Amino acid sequence: MRLVIARCSVDYSGRLSSRLPEAIRLIMVKADGCIAIHADGGAYKPLNWMNAPNTLVEDEAAWIVTNPAGERLTITLAEVLLDVSQECGEDPGLEKDGVEAHLQALLAEHPETLGDGVRLVRREYQTGIGPVDLLCRDSEGQAVAVEIKRRGEIDGVEQLTRYLHRLNRDPLLRPVRGVLAAQRIRRQARVLAEDRGISCVEVDYDALRGLDDGELRLF
């Protein structure tokens, strides 16, 4: 991971255009190529970012970041205050809480609840940047990556997007489609998931445990 603190301005062009005027910011470059720009505030969400895979071209005056989708991020550097790199190694991934772990086990036993003909290939399938909860195949044989959350938020969509980028590099798997499964999925997460071609499944936890006759709803 590389961390750069710099006085900079940032211009983005792609599905829309945006500009961050010159200010001191943190630029984070991850090993997988993901780039995020943070302010000293605003909780965890970056001001702007581009998910991997990216191409970074840099010189003393500016960084140019592009990706296969045609998006472009231009970081114009006025002054670099700090530039450090640290090898972090492979991350073991986030440990699930009790509900998420139980949901994962139940869906692994009954993958057909995610769609007709869906069958399990493997739990905790390693992507190189962390394990996706379930790797499945659908009725047509297409690979399906399933990320399971208690509550579906934007960060869950982002996490699954990163996994899909990695999985789709594997010629034996691609094309891989994504499914976000959760007890409740927020509207903003649905919008982002739809934009990225990810399906959303709301899971009735009690129904899945056989405690009532509720049904899974596929959106």
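Just above sits the structure.
Residues numbered from 1 in each chain as written. Predicted model: local features only at pLDDT ≥ 70, side-chain atom pairs only at ≥ 80, totals over all residues. Heavy atoms only, no water.

Engineer: Please explain the packing of helix 2 (residues 154-167) against helix 3 (residues 187-195) as it appears in this structure.
Structural biologist: How two helices pack is summed up by the angle between their axes together with the distance between the axes. Between helix 2 and helix 3, the shortest axis-to-axis distance is 8 Å and the interhelical angle comes to 25°. On the basis of their axis angle, the class for helix 2 and helix 3 is roughly parallel. Contacts between helix 2 and helix 3 involve I154, V157 and E158 from the former and Q188, A189, L192 and A193 from the latter. For the contact of helix 2 with helix 3, the per-class residue count stands at five nonpolar, one polar and one charged. (Axes fitted to C-alpha atoms, helices over the stretch in contact; angles between N-to-C directions. Helix = DSSP H or I, 4+ residues; strand = E, 2+ residues; numbered from the N terminus. Parallel < 35°, antiparallel > 145°, perpendicular 65-115°, else oblique. Contact = heavy atoms within 4.5 Å. Nonpolar A, V, L, I, M, F, W, Y, C, P; charged D, E, K, R; others polar.)

Engineer: Just checking my understanding: could you explain the side chain of T161 for this structure?
Structural biologist: With respect to the helices and strands, the residue T161 is situated in helix 2. Judged by relative accessible area, which is 9%, T161 ranks as buried. Only 3.1 Å separates the side chain of T161 from the side chain of R196, close enough to count as a polar contact. (Buried < 20%, exposed > 50% of the residue type's maximum accessible area, 1.4 Å probe, protein only. Polar contact = N/O pair within 3.5 Å; in protein donor to acceptor, adjacent residues only side chain to side chain.)

Engineer: Help me out: how do you make sense of the layout of surface pockets in this one?
Structural biologist: Its boundaries defined by the atoms lining it, the largest pocket holds a volume of some 1200 Å³. What lines the largest pocket is a set of 32 residues, and nearest its centre among them are K30, D32, C34, I129 and R162. When residues of the lining of the largest pocket are traced back to their parent elements, those giving at least two are strand 3 (35-38) and helix 2. When the residues that make up the lining of the largest pocket are grouped by side-chain class, the tally is 14 nonpolar, seven polar and 11 charged. The residues that make up the lining of the largest pocket include at least three from each of domain 1 (2-85) and domain 2 (100-211). Around the second largest pocket, the lining is made up of 22 residues, and of these Y12, R15, W49, E71 and R196 lie nearest the centre. (1 Å grid on protein atoms, 1.4 Å probe; cavity = no way out; pocket = protein on both sides within 12 Å on 5 of 7 lines; lining within 4 Å. Points joined across faces, edges and corners; volume = space filled by probe spheres on them. Domains from an automatic or database assignment.)

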